[in-house]
Amino acid sequence: DMIRWFPGHMHRGMKDLEQSLSTVDGIIEVHDARIPHSGRNTQLYQRLVGGHKPHVLILNKSDLADPNYLNKSIEYIQSEQPNTQVIHTSLASIDMKEMTNLFGRLLQQIVESPRYTRSSTVEYNIVVCGIPNVGKSTFINKLRNLFANKASCEQVGASPGVTRKMSEKVKISNRPKVFVRDTPGILEPRLKSADESFRLLLTNSIPIQQRELSDIIADYGLFLLNKYDKQRLYMKYCELDKPSDDILPVLLSLAKIKHCTQIYRDKRGYDLTGTALHFINEINKGTFGQITFDQDILDEKENEKLNDTNL
Ligand code: G4P
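Notes on the structure follow. (Residues numbered from 1 in each chain as written. Predicted model: local features only at pLDDT ≥ 70, side-chain atom pairs only at ≥ 80, totals over all residues. Heavy atoms only, no water.)

Attention shifts here to the side chain of Gln231. Tracing the sequence through the fold places Gln231 in helix H9 (residues 231–237). Excluding residues within four positions of it along the chain, Gln231 makes contact with Leu225, Asn226 and Pro243. (Helix = DSSP H or I, 4+ residues; strand = E, 2+ residues; numbered from the N terminus. Contact = heavy atoms within 4.5 Å.)

In structure tokens, the structure reads:
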């Protein structure tokens, strides 16, 4: 059952996040740029952000998304959530200078938000959240590095009185004074359709718990590659001379190339489950090109807009 996988400790994490929100000045949510629609937890926005908290969304892993769809993704989210500021980036490859700029922009957007309630701008309490595997820890680590450098020249230390208000661990810089919760809030991905579940499985935001299902997930991945005209790279990688709508010949060819004969063998001696997992992993790593899995949703939205203006 793909819908009910969310573990108990994550539910507690969500509760914890909700409680801490009353003491934060701004929320930085991280999400995967390849799925601007799928898995977005709109509950956070409706219940907590909509009315009262500045909310900035980082669409991360932009290196893996289709460049033609980055701005469309931002427009899509801002049309659904007008109180959210959206920025896209690739945290994995960002350097210190870019990170300084990014964090400066994030702070600015939080402070300039009409929902920013503090009268003075000397101190910021920020919480980072998002669904699993979108880059929350990467973000916090980069921030930690940024502040570690500053701290070494400015001798910044924790002031115990303020620290205890948030959680045990906060990262601190003095100029400006910034408090960021060390542990990110983990949001439960919202799965409104089978397509969304598959897209989250392909981006590793929900784990594949039943290996036996990996060929179905790989088949869905292949379906999207074909649908979005991204046949060239998978054909090359799997040594196929034409695109295939059927996952089996793709996996058989790949199994031969990769010598996947180890664990679950089929009658021909190939480990098709292991090969399917390999294929899924390559999709997620970007081996078959930059893909925006929610491209169809963005296209639909654009068509609606065009029809509206033509009427
Ligand atoms: P989380 O805290 O939200 O769960 O995510 P985390 O930072 O652990 O990042 C999840 C994976 O995504 C990590 O790969 C990380 O390196 C990768 N990642 C983060 N930002 C980017 C980005 O901008 N571009 C790309 N291409 N990758 C990014 P990992 O540790 O290898 O995990 P896995 O998902 O590959 O198993």
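The subject of this paragraph is the nonpolar core. Of all hydrophobic cores here, the largest spans 68 residues; its most connected members are Phe103, Leu106, Ile126, Phe139 and Phe279. Here this core gathers at least three residues from each of two domains, domain 1 (8–186) and domain 2 (204–292). Grouped together as the second largest cluster of nonpolar side chains are 11 residues, Leu70, Ile74, Tyr76 and Ile77 included. (Core = buried A, V, L, I, M, F, W, Y, C linked by side-chain atoms within 4.5 Å. Buried < 20%, exposed > 50% of the residue type's maximum accessible area, 1.4 Å probe, protein only. Domains from an automatic or database assignment.)

In the vicinity of the ligand, 15 residues are found, and the nearest of them are Asp63, Asn133, Lys136, Ser137 and Thr138. Taking Asp63, its side chain carries an N or O atom lying 2.8 Å from a nitrogen atom of the ligand. Within the side chain of Ser137, a nitrogen or oxygen atom sits 2.5 Å from an oxygen atom of the ligand. Out of a free accessible area of 720 Å², the ligand has 61% covered by protein chains. Top contributing element to the shell around the ligand by residue count: helix H5 (residues 136–154), with three residues. Looking at the shell around the ligand residue by residue, the class counts come to five nonpolar, seven polar and three charged. (Near = heavy atom within 4 Å. Polar contact = N/O pair within 3.5 Å; in protein donor to acceptor, adjacent residues only side chain to side chain. Areas by Shrake-Rupley, 256 points an atom, 1.4 Å probe, with all protein chains shown as cover. Nonpolar A, V, L, I, M, F, W, Y, C, P; charged D, E, K, R; others polar.)

This part covers the pairing of strand E2 (residues 55–60). Of all six residues making up E2, six are buried, and the element is well covered by its neighbours. Judged by which residues are buried, E2 turns out to be covered on both faces: His55, Leu57 and Leu59 on one side and Val56, Ile58 and Asn60 on the other are all buried. Bridge count for strand E1 (residues 26–32) against E2 is six bridges, and the pairing is parallel. Bridge pairing in E2 places His31 opposite Leu59. Of the strand pairs in this sheet, E2 and strand E3 (residues 84–88) are connected by five bridges, and their pairing is parallel. What sits directly across from Leu57, in E3, is Val86. In this region the chain leaves E2, passes through helix H3 (residues 70–80) and returns to the parallel neighbour E3; the handedness of that crossover is right-handed. (Pairing = 2+ DSSP bridges. Right-handed = clockwise from strand over helix to strand, strands pointing away.)

Any functional reading would require information that these geometric values do not contain.
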